[in-house]
Amino acid sequence: MTAALPEPHATPGDEEGSQAREDARTVPREDAGGVRAASAGSRATSRARREAARRAVRPRLVPARRQSIPVAAVIAAAWALGVGLLVCVVVAVIGWTVGGHGDATFGSALRSGALAFVAAHMAPVSLPGATFSLLPLGLLALPALLTYRAGRWAARASDCLTLGDVGLLTGTAAGTYAVLTLIVSTLGVLGPAQVTAAAAVVAAGLVSAAGIGLGALSSSQLWPAVLVHVPTPVRRGMRAAGVVLATLGVAAGATVALALAMHFSSVVALTEQIAPGAAASGVLSLLCLGYLPTMFVWALAYLAGTGVLLGGAMITPFGGGGALAPAFPLLAAVPDQPSPLAPLLMLLPVLAGVLGGLVVLRSGRRGDGRLPVIETLTAAGLTGLATVVLGFLGSGSLGDGRLAHVGPTAWAMGLAVTGLVLLGLAPTALLGTLLAGTATQRPASAQPKVGAAQVPRRRRPVPAPADVDLRVRPVPGPSSGAAASSRVDQVTGVVLLPAGGSPSDLDQLCIGEADAARGVLAGATSALGRTWGRIRPLLHSDGD
């Protein structure tokens, strides 16, 4: 006897999916002309139905039973912290196993992994005589991605529908994540190295709030609800700022790649000197990869002209050198003396501003005479604010003495980048708007003169009087006595009869018009025959 499979229980999610699939099947197919002529509301309805059908077909990643928002937030925060901590501990244990135990124990490896996880949130590590706050910026990607993924899951599991739900979810998850990170920081004390409680809570709270909030907004599709409260000029400025920042990132990456290529031999020699073995070289390569985004920030400060403070010396495109840099492979790419062409690199932020100005022109209205001042100031302001944040993340301390402060000065870097971007953004946006308005508004002298080729204008329809019946009437024949009561409008050619007449017959109208046309044609033919009869003898005369 075979065992029968149990009946699957119906869940609210399954019912919603079945209803969505049924709605998708019953949606009528519109023709191409109807789709092109549909209004914004119809297009929004069609998109909503397609999204419902797509969600119904796609396998569900959340449980059928919905979780409350606080429960989903706690689960998401615990998952993000647990996965991140596990990754850091596994890497620390692998390094401890491959690199040789030495005096370290397995417990020390576990504590070093926990300390690395807390430090990945850019929380400074304190030592008895110094503080290490310039940590690998690449490590920040681990908690950022995990919290973003956790926020998306929590929004789907708790079915967040409003901005209030997203705020409650973000606050609960960020608080839980910060408390758990504080507990991990107390367990991750490795000898004299530790992270203070305040630094751990603040850093973990900010990172988790940003990641979980963005993930929840993305999963709930509430970005339009957020952007609807932002004025249109500010949204255009935000779009231009995104283009400017992307261009600056590409320019900084190209600068770092060029510097590493020019000093490649020094980088390789320093790597072999510090880490001769394969395992040590792998650990050092991972550390260099983590500091690579920090080098991008330094390159941006170099392009802005403010430079980078390293070992007591300021490295700028205009001069600097003699810095006592630590023995680190990436620092071998820092130039001792700048090239004579190095100041020309400051044109790259100006070029980024020009591209932002083109975005402002394309997204705004053309020819309306309105100068895009708000868009320009918004784009420049957001670019400068983002640059200041990057400057704080890319600077810090690597010890004491000359290494107490390493990296760019954040506020100076932000002001310099804002000024250079405005130098290219403002003229492009303002001049482009003025030229577009001049081309649209043609002066009176530019109008075509009398006698020139003019485009024929369409004649406006003449409105009919209100007391006239415009219904098609039969044209009475010659034998009818009602011929005097009808008339033909001289402008529109419509047969007009006084109101109150009997309905017309289309067949009689066609017959009457055909008879009238034949009569006119016969008269014209007879007149042409008589005219030709008079002209023909003259053509055959002898000319006497």
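Our subject is the structure listed above.
> Can you help me understand the overall build of the protein chain in this one?
Helix and strand content of the protein chain: 16 helices and eight strands. Out of the 544 residues belonging to the protein chain, those deemed buried represent 34%. Sequence separation of 24 or more characterises 75% of the internal contacts of the protein chain that already satisfy a separation of 6 or more. Here the protein chain has roughly 32,200 Å² of accessible surface; of this, 67% comes from carbon and sulfur atoms.

> Sorry, what's going on with the environment of M238 here?
Structurally, M238 is set in helix α10 (residues 232-262). The spacing of M238 and A379 is 141 residues in sequence and 5.8 Å in space, taken between C-alpha atoms. Those residues in contact with M238 that sit more than four places away from it in its chain are V230, T378 and L382.

> Would you mind going over the sheet that holds strand β2 (residues 131-132) with me for this structure?
Two pairing modes exist for strands in a sheet, parallel and antiparallel, and in both the strands are linked by backbone hydrogen bonds. Sheet architecture is open: three strands sit in the order β1-β2-β5, paired in antiparallel fashion. Pairing within the sheet leaves two strands with one partner each, and these edge strands are β1 (125-126) and β5 (398-399). Judged from the two bridges that link them, β1 and β2 form a sheet pairing that is antiparallel. Looking at β2, one finds that S126 is bridged to T131.

> Teacher, can you tell me more about a nonpolar patch on the surface here?
On the surface, a nonpolar cluster with roughly 670 Å² of combined accessible area is contributed by Y148, L214, W223, L227, M238, L382, L385 and V389. Among the elements that make up the nonpolar patch, the one with the highest residue count is helix α14 (residues 373-393) (three residues). Structurally, Y148 is set in helix α6 (residues 141-158). The exposure class assigned to Y148 is partly exposed, which follows from its relative accessible area of 31%.

> How should the packing of helix α4 (residues 69-98) against α6 be read in this particular structure?
Think of two packed helices as two axes; the pair is described by the angle between the axes and how far apart they sit. In contact at an axis separation of 9 Å, α4 and α6 are set at 155 degrees when each is read in the N-to-C sense. When the axes of α4 and α6 are compared, the pair comes out roughly antiparallel. Where α4 crosses over α6, the two elements pack in a sense that is right-handed. Packed against α4, whose contacting residues are I69, A72, I75, A76, W79, A80, V83, G84, V87 and C88, the element α6 presents L142, L146, T147, R149, A150, W153, A154, A157 and S158 at the interface. Across the contact of α4 with α6, the residue classes tally to 15 nonpolar, three polar and one charged.

Quick notes on the rules
- Residues numbered from 1 in each chain as written.
- Predicted model: local features only at pLDDT ≥ 70, side-chain atom pairs only at ≥ 80, totals over all residues.
- Heavy atoms only, no water.
- Helix = DSSP H or I, 4+ residues; strand = E, 2+ residues; numbered from the N terminus.
- Buried < 20%, exposed > 50% of the residue type's maximum accessible area, 1.4 Å probe, protein only.
- Contact = heavy atoms within 4.5 Å.
- Areas by Shrake-Rupley, 256 points an atom, 1.4 Å probe, with all protein chains shown as cover.
- Pairing = 2+ DSSP bridges.
- Patch = residues over 30% accessible without salt bridge, like charges linked within 9 Å, V, L, I, M, F, W, Y side chains within 5 Å.
- Salt bridge = Lys/Arg side-chain N within 4 Å of Asp/Glu carboxyl O.
- Axes fitted to C-alpha atoms, helices over the stretch in contact; angles between N-to-C directions.
- Parallel < 35°, antiparallel > 145°, perpendicular 65-115°, else oblique.
- Left-handed = near helix turned anticlockwise from the far one by under 90°.
- Nonpolar A, V, L, I, M, F, W, Y, C, P; charged D, E, K, R; others polar.

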